[in-house]
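# Tertiary structure, described
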Amino acid sequence: MKLTLVGAGPGDPDLITVKGIKALQQADVVMYDALVHPVLLDHCRPDTLKVYVGKRRGAYSCVQEDINPLIVHYAHQYGHVVRLKGGDSFVFGRGYEEIEFARQYGIITDVVPGISSSYAVPASAGIPLTTRGISESFWVVTGTTKAGQLSSDLQLAAQSSATVVVLMGMHKLAEIMTVFGDNGKSETPVAIIQNGTLPEEQVVTGRVNDIAEKVAEAGVGNPAIIVVGDVAALGDPTYRAAVVAAEQA
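Okay, so let's go over this structure. Quick caveat: nothing in here was measured; it's all calculated off a predicted structure.

A count of helices and strands for the protein chain gives eight helices and 12 strands. Against the 2.2 N^0.38 benchmark of 18 Å for 249 residues, the protein chain shows a C-alpha radius of gyration of 19 Å, consistent with a compact globule. Split into buried and exposed, the 249 residues of the protein chain put 48% on the buried side. Within the protein chain, contacts between residues at least 6 apart in sequence are counted, and of these 65% link residues at least 24 apart. Looking at the protein chain as shown, the accessible area adds up to about 12,000 Å², and 52% of this sits on carbon and sulfur atoms. In the protein chain, the 19 positive side-chain charges and the 26 negative ones have mean positions that sit 5 Å from each other.

This is the structure in structure tokens:
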């Protein structure tokens, strides 16, 4: 019996690791999330059982309390379970909870790190999280805590000169921008990146004091990440479109 957590990367199926592909090829069962590109399942054997356990805001096929015992069930019944998660399993992916639960039932566990959307999606849009003379560090903060509230770390991040990346925060975008505005950052550049690393990627740029309005006008929503900081102004909105056009040429 074995559980392997595999990070699927930020969206583009080419951004999964070689080790992640090898794990999929060896899996007896793959339990995959909503943000996993369906092409990745093609790496599985024909007899591999594929189970969708996606969780998206307002649409849950499974809650975490159901997923944990399902992992144990499939491991006992089939052998090797691969838990395929978007991004990296240990960056707001609840991966450690699943590992800890499985170990209680004598299941061997392994982790294959993935490329996190927190840095890969800005890079895809041409936005460096750090660059000399502008940003020396970056924060990665969740937009929603377990209690459904803004993280208290966001207040600390807003006081910093660092680039701030907010994951799972689009439904609280106005509140998040208020925090930055209250900390004297009203004119700070912001970039919102939807469907990052994919051909349908959309980037909306603005400032703390107007980004919510611009996002509403553009109709941009989840899945998206928020980048706050002077580096957000460095991203060329046509950057990804040019890359995709070159790839398709």
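Another point: the environment of alanine 147. As for its position among the elements, alanine 147 is in the loop between β8 (138-142) and α5 (152-159). According to the relative accessible area criterion, alanine 147 is exposed, its value standing at 63%. C-alpha separation for the pair alanine 147 and glycine 221, spaced 74 residues apart in sequence, amounts to 22 Å.

On to the packing of aromatic side chains, then. One pass over the full model with this rule turns up four aromatic pairs. Geometrically, the ring pair formed by tyrosine 74 and tyrosine 78 is tilted, given 6.0 Å between the ring centres and 45° between the ring planes. Here tyrosine 74 pairs with tyrosine 78, and both are found in helix α2 (residues 64-78), just four residues apart, close to one helical turn. Among the residues examined, tyrosine 74 registers a relative accessible area of 13% and is labelled buried. Given the relative accessible area of 39%, tyrosine 78 is considered partly exposed. Centre to centre, the rings of phenylalanine 90 and tyrosine 96 are 6.4 Å apart; their planes meet at 75°, and the pair counts as edge-to-face.

Our next topic: the sheet that holds strand β7 (residues 108-112). Reading across the sheet, the five strands line up as β3-β2-β6-β1-β7 and stay open at both edges, with parallel pairing between neighbours. Edge strands, defined here as strands with exactly one partner in the open sheet, are β3 (49-52) and β7. Averaged over neighbouring strand pairs, the angle between their axes works out to 20° when direction is ignored. Bridging between strand β2 (residues 29-32) and strand β6 (residues 80-85) involves four bridges; their strand directions are parallel. Within the sheet, the bridge partner assigned to tyrosine 32 lies in β6 and is leucine 84. Sheet contacts for helix α1 (residues 18-26): β1 (2-7), β2, β6 and β7; angle to β6, the most-contacted strand, approximately 135°. On top of the sheet, helix α3 (residues 95-103) reaches β1, β6 and β7; it is set at about 175° to β1, its chief contact.

Summed over all chains, the structure comprises nine salt bridges. Note that aspartate 33 and arginine 83 form a salt bridge whose closest N and O atoms lie 2.8 Å from each other. Of this pair, aspartate 33 sits in the loop between β2 and β3 while arginine 83 sits in strand β6, placing them 50 residues apart in sequence. Look at aspartate 33 and you get buried, because its relative accessible area is 12%.

Taken together, the side chains of Val91, Phe92 and Met168 define a hydrophobic patch exposed on the protein surface, amounting to about 240 Å² of accessible area. By secondary structure assignment, the location of methionine 168 is in the loop between β9 (163-167) and α6 (173-182).

Attention now goes to the sheet that holds β8. The strand order β8-β9-β12-β10-β11 describes an open sheet built from five strands, whose pairing is mixed. Since the sheet does not close on itself, it has two edges, and those belong to β8 and β11 (202-207), each with one partner. Neighbour-to-neighbour, the strand axes of this sheet turn through a mean angle of 20°, independent of strand direction. Of the pairings in the sheet, the one linking strand β10 (residues 189-194) to strand β12 (residues 224-228) comprises five bridges and is antiparallel in character. Bridging across to β12, isoleucine 192 finds its partner in isoleucine 226. Sitting on the sheet, helix α4 (residues 117-124) touches β8, β9, β10 and β12, and the angle it makes with β12 is about 80°.

Following the sequence through the fold, threonine 142 ends up in strand β8. Among the residues examined, threonine 142 registers a relative accessible area of 12% and is labelled buried. Reaching out from threonine 142, the side chain makes a polar contact with the backbone oxygen of threonine 144 at a distance of 2.9 Å. Contacts of threonine 142, omitting those with residues within four sequence positions, involve Phe92, Ser151, Val166, Leu167 and Met168.

Cut-offs used in this document
Residues numbered from 1 in each chain as written. Predicted model: local features only at pLDDT ≥ 70, side-chain atom pairs only at ≥ 80, totals over all residues. Heavy atoms only, no water. Helix = DSSP H or I, 4+ residues; strand = E, 2+ residues; numbered from the N terminus. Rg over C-alpha atoms; globule rule 2.2 N^0.38 Å. Buried < 20%, exposed > 50% of the residue type's maximum accessible area, 1.4 Å probe, protein only. Contact = heavy atoms within 4.5 Å. Areas by Shrake-Rupley, 256 points an atom, 1.4 Å probe, with all protein chains shown as cover. Lys, Arg positive; Asp, Glu negative; His and termini not counted. Charge placed at Lys NZ, Arg CZ, Asp CG, Glu CD. Phe/Tyr/Trp six-rings, centres within 6.5 Å; stacked < 30°, edge-to-face > 60°. Pairing = 2+ DSSP bridges. Axes fitted to C-alpha atoms, helices over the stretch in contact; angles between N-to-C directions. Salt bridge = Lys/Arg side-chain N within 4 Å of Asp/Glu carboxyl O. Patch = residues over 30% accessible without salt bridge, like charges linked within 9 Å, V, L, I, M, F, W, Y side chains within 5 Å. Polar contact = N/O pair within 3.5 Å; in protein donor to acceptor, adjacent residues only side chain to side chain.

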